[in-house]
2 protein chains.
Amino acid sequence: LTLVEKKTQATKATEMILIATFVDSPYNLGGLSRVAEIFGCSALHISDLGVLKDSAFTSVSVTSESNLNIVQTPPPILKGFLRSKRAEGWTILGVEQTDSSIVLGDEKAPKLPKKVVIVMGTEKTGIPPDVLVECDSCVEIKQWGLTRSLNVQTAAAAVLYEWRREWGDGL
Amino acid sequence: LTLVEKKTQATKATEMILIATFVDSPYNLGGLSRVAEIFGCSALHISDLGVLKDSAFTSVSVTSESNLNIVQTPPPILKGFLRSKRAEGWTILGVEQTDSSIVLGDEKAPKLPKKVVIVMGTEKTGIPPDVLVECDSCVEIKQWGLTRSLNVQTAAAAVLYEWRREWGDGL
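Each value, and the rule that gives it
Residues numbered from 1 in each chain as written. Chains lettered and ligands numbered in written order. Predicted model: local features only at pLDDT ≥ 70, side-chain atom pairs only at ≥ 80, totals over all residues. Heavy atoms only, no water. Contact = heavy atoms within 4.5 Å. Buried area = accessible area lost by both parts, 1.4 Å probe. Salt bridge = Lys/Arg side-chain N within 4 Å of Asp/Glu carboxyl O. Polar contact = N/O pair within 3.5 Å; in protein donor to acceptor, adjacent residues only side chain to side chain. Helix = DSSP H or I, 4+ residues; strand = E, 2+ residues; numbered from the N terminus. Nonpolar A, V, L, I, M, F, W, Y, C, P; charged D, E, K, R; others polar. Pairing = 2+ DSSP bridges. Axes fitted to C-alpha atoms, helices over the stretch in contact; angles between N-to-C directions. Buried < 20%, exposed > 50% of the residue type's maximum accessible area, 1.4 Å probe, protein only. Parallel < 35°, antiparallel > 145°, perpendicular 65-115°, else oblique. Left-handed = near helix turned anticlockwise from the far one by under 90°. Phe/Tyr/Trp six-rings, centres within 6.5 Å; stacked < 30°, edge-to-face > 60°. Lys NZ or Arg CZ within 6 Å of the ring centre and 35° of its normal.

1. Examining the interface of chain A and chain B
- Taken together, the contact pairs 37 residues of chain A with 37 residues of chain B.
- A combined buried area of about 3400 Å² lies between chain A and chain B, and 61% of that area is made up of carbon and sulfur atoms.
- Considering only the surface of chain A that becomes buried against chain B, I38, W144 and Y161 of chain A emerge as the three largest contributors, covering 24% of it.
- At the junction of chain A with chain B, the criterion picks out zero salt bridges.
- Our enumeration of links across chain A and chain B arrives at 20 residue pairs in polar contact (both at pLDDT 80 or more).
- No other element matches the eight residues that helix α6 (residues 152-167) of chain A contributes to the side of chain A that touches chain B.
- When its residues are assigned to classes, the side of chain A that touches chain B shows 14 nonpolar, 16 polar and seven charged.

2. Looking at the sheet that holds strand β5 (residues 102-103) of chain B
Residue and element names in this part refer to chain B.
- Within the open sheet, the seven strands sit side by side as β3-β2-β1-β6-β4-β7-β5. Their pairing is parallel. Every interior strand has two partners, whereas the edge strands, β3 (70-72) and β5, have only one.
- Summarising the sheet, strand β2 (residues 43-46) and β3 pair through three bridges and their orientation is parallel. Following the sheet pairing, H45 is matched in β3 by V71.
- On top of the sheet, helix α2 (residues 26-38) reaches β1 (16-19), β2 and β3; it is set at about 165 degrees to β2, its chief contact.

3. Notes on the environment of A20 of chain B
Residues and elements named next belong to chain B.
- Inspection of the secondary structure assignment puts A20 in the loop between β1 and α2.
- Take A20: its relative accessible area is 0%, and that puts it in the buried class.
- C-alpha of A20 to C-alpha of T125: the two residues are 105 residues apart in sequence and 14 Å apart in space.
- Setting aside residues up to four positions removed in sequence, A20 forms contacts with L29, L32, L44, H45 and I46.

4. Examining the sheet that holds strand β4 (residues 91-95) of chain A
Residues and elements named next belong to chain A.
- Across the sheet, which stays open at both edges, the seven strands sit in the order β3-β2-β1-β6-β4-β7-β5 with parallel pairing between neighbours. Edge positions in the open sheet fall to β3 (70-72) and β5 (102-103), since each of these has one partner strand only.
- With three bridges joining them, β4 and strand β7 (residues 137-140) adopt parallel strand pairing. Among the inter-strand pairings, V95 is bridged to a residue of β7, identified as V139.
- Sheet strands touched by α6: β1 (16-19), β4, β6 (116-119) and β7. Its angle to β1, the strand with the most contacts, is close to 170 degrees.

5. Concerning the packing of helix α2 (residues 26-38) of chain A against α6 of chain A
All names here are of chain A.
- At their nearest, the axes of α2 and α6 sit 9 Å apart, and the two run at 15 degrees to each other. Between α2 and α6, the angle is such that the two are roughly parallel. When the axes of α2 and α6 are compared, the crossing they make is right-handed. Every residue of α6 that contacts α2 at Y27, N28, G31, L32, V35 and A36 is listed here: V152, Q153, A156, A157 and L160.
- Looking at the contact of α2 with α6 residue by residue, the classes come out as eight nonpolar, three polar and no charged.

6. Some thoughts on the packing of aromatic side chains
- Tallying each qualifying case throughout the model produces four aromatic pairs over all chains.
- Looking at K111 of chain A, its charged tip hangs above the ring of W167 of chain A, at a distance of 4.0 Å from the centre.

Purely geometric numbers; function is a separate question.
Structure follows, in structure tokens:
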């Protein structure tokens with residue numbers, strides 16, 4: 001009985017969608033698959049589903065991709081997808097440092113949007129400007145060190161962790 | 001002036017020490033160096049400093065190791081180190097699922113210890129039993145998926161993020 005309940009809980013979709021269209025590294029994509037599945041995203045969007053067969057991907061994803069809805073959404077169709085999700089009532093949230101970005105977990109800031117599409121940028125240059133303007137808001141992870149930025153999978157893990165901390169089961 | 005202030009802030013040591021003695025993969029150790037430096041740990045302990053020259057390490061660490069106090073603490077001397085830190089007033093916190101572990105970020109649980117030594121386990125089997133008994137308490141990251149566990153660098157990132165969320169500058 002306990003096992004059945006666990007499975008029911010585990011496969012329940014939430015209102016978090018993760019966009020990794022701009023992430024190129026199979027290793028990072030494998031890591032994103034793992035964190036997206038563990039924190040219960042309803043879908044992960046990537047540029048090319050071919051990466052699922054890459055050994056660098058599978059070495060990090062540890063079969064998480066079998067339990068996750070992974071969708072092929074290359075750059076040319078991403079903006080249309082984001083607009084359609086917004087029309088359905090979702091909030092588009094970029095993970096990016098901008099002059100108006102909110103600091104993740106800041107107790108003075110509002111909670112993360114509940115029904116949210118989370119957009120990760122490229123490893124080197126972040127979210128392209130033409131997609132950044134499609135974001136309703138941006139969130140940044142406060143850093144205390146000198147190193148430029150978090151790896152994309154650890155940045156995504158912090159955001160997904162924080163969403164779960166704020167919303168729990170999301171019900 | 002802004003840059004000077006930023007540097008002063010960035011190099012300030014905090015009361016977080018990260019123990020990665022049981023982590024073998026140079027890739028994971030590079031990732032741990034990066035998150036430890038970014039979230040301002042005062043030290044990272046690893047089994048063998050030789051890994052700092054490994055190309056898999058440096059590809060992920062992005063020179064974070066230059067700004068971080070990395071100490072060689074192999075398994076045989078770890079227990080003595082943990083005991084000496086406890087005697088100095090530090091709390092030893094294992095990142096591990098146990099029958100008494102606290103869920104990270106649970107609003108009903110106490111805050112993370114402020115002056116804390118955070119112990120990560122091996123990638124496959126977690127914290128060895130003889131070291132687990134040296135931990136004052138354990139914290140686990142609640143998971144919603146079917147995948148066994150988070151990668152060690154994403155798990156560490158969630159714990160360090162949460163410490164900073166709770167304690168801020170730690171002053």
